[in-house]
Amino acid sequence: RAEVYLRGAKSQVERMEAVTPVDGQNQVVTRVNAEPALVQVVVPVEQWPGRKEVAVRVKLSGPPADGYRLSAVRSEPSTVVLQGDPDTLSQVPGYIETEPLDLSEATADVRKRVALILPQGVTADMDFVMATAGVSPIEGGITVSEPLIVRGLGAGLSADAALAEVDVILSGPM
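Bear in mind the structure is a predicted one, so any value in this text is a computation, not a measurement. (Residues numbered from 1 in each chain as written. Predicted model: local features only at pLDDT ≥ 70, side-chain atom pairs only at ≥ 80, totals over all residues. Heavy atoms only, no water.)

Working definition: the strands of a sheet are paired by backbone hydrogen bonds and lie parallel or antiparallel to each other. In spatial order, the strands read β7-β3-β6-β10; together these four strands make up an open sheet with mixed pairing. Because the sheet does not close on itself, it has two edges, and the strands there are β7 (95-97) and β10 (123-124). Pairing between strand β6 (residues 79-83) and β10: two bridges, direction antiparallel. What sits directly across from L82, in β10, is A124. (Pairing = 2+ DSSP bridges. Helix = DSSP H or I, 4+ residues; strand = E, 2+ residues; numbered from the N terminus.)

Attention shifts here to the side chain of K52. Here K52 lies in strand β3 (residues 51-57). In this structure, K52 is in contact with Q47, V80, V81, L82, L89, S90, V92 and P93, ignoring residues within four places of it in sequence. (Contact = heavy atoms within 4.5 Å.)

Once that is clear, we can look at unusual backbone geometry. Here the residue pair E35 and P36 is connected by a cis peptide bond, since its omega of 5° sits within 30 degrees of zero. With an omega of 0°, the peptide bond between E76 and P77 qualifies as cis. If you trace the backbone, P77 turns up in the loop between β5 (68-76) and β6. At N26, a residue that is not glycine, the phi angle is positive and equals roughly 65°. Mapping N26 onto the fold places it in the loop between β1 (13-18) and β2 (38-43).

The tally for this structure, following the rule as stated, stands at zero aromatic pairs. Note that R113 overlies the ring of F128, its terminal NZ or CZ placed 4.0 Å from the centroid. (Phe/Tyr/Trp six-rings, centres within 6.5 Å; stacked < 30°, edge-to-face > 60°. Lys NZ or Arg CZ within 6 Å of the ring centre and 35° of its normal.)

Taken together, the side chains of L60, L70 and V73 define a hydrophobic patch exposed on the protein surface, amounting to about 190 Å² of accessible area. Tracing the sequence through the fold places L70 in strand β5. (Patch = residues over 30% accessible without salt bridge, like charges linked within 9 Å, V, L, I, M, F, W, Y side chains within 5 Å. Areas by Shrake-Rupley, 256 points an atom, 1.4 Å probe, with all protein chains shown as cover. Salt bridge = Lys/Arg side-chain N within 4 Å of Asp/Glu carboxyl O.)

Here the focus is the environment of T20. Relative to the assigned elements, T20 resides in the loop between β1 and β2. Residue T20 is classed as partly exposed on the basis of its relative accessible area, which comes to 28%. Along the primary structure T20 and E35 are separated by 15 residues, whereas in three dimensions their C-alpha atoms are 9.8 Å apart. Dropping the residues within four chain positions of it, T20 is found in contact with R1 and V28. (Buried < 20%, exposed > 50% of the residue type's maximum accessible area, 1.4 Å probe, protein only.)

Now the structure itself:
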């Protein structure tokens, strides 16, 4: 016996597999060596007619708040299986879109369950996906030079500074 696992396979599977001797009840036979010990296994994998696996593309609307940007977009799951007439499915590109995910004035990640937009006569293994849009602040930085000011000296005290001015580096969200 040579076992081949096909879970998730989308195209022909070709690999070398170890051979395990078994008896008529499919029990492993010990003290027997298989010859050859490895075999080349080829399993053709074809898509069922009327089914097509496609990526999910999250459609976005509205810009994030000023000073913020879109940093990532993902859906869970990232693919869905469509079912329908083979001719109709052949017209579907390699992805299917969702309802718009609104990012208007967002200052943090937006996560929402959104519906898939399916062509007429096509169904999917699910109607909704969980869409997440990463929103993060636009980072910026500036260096300013300021004069050194001595404060808080008690009466009769003086201070000598080695620097006349200091550079202050400011960075963070715009």
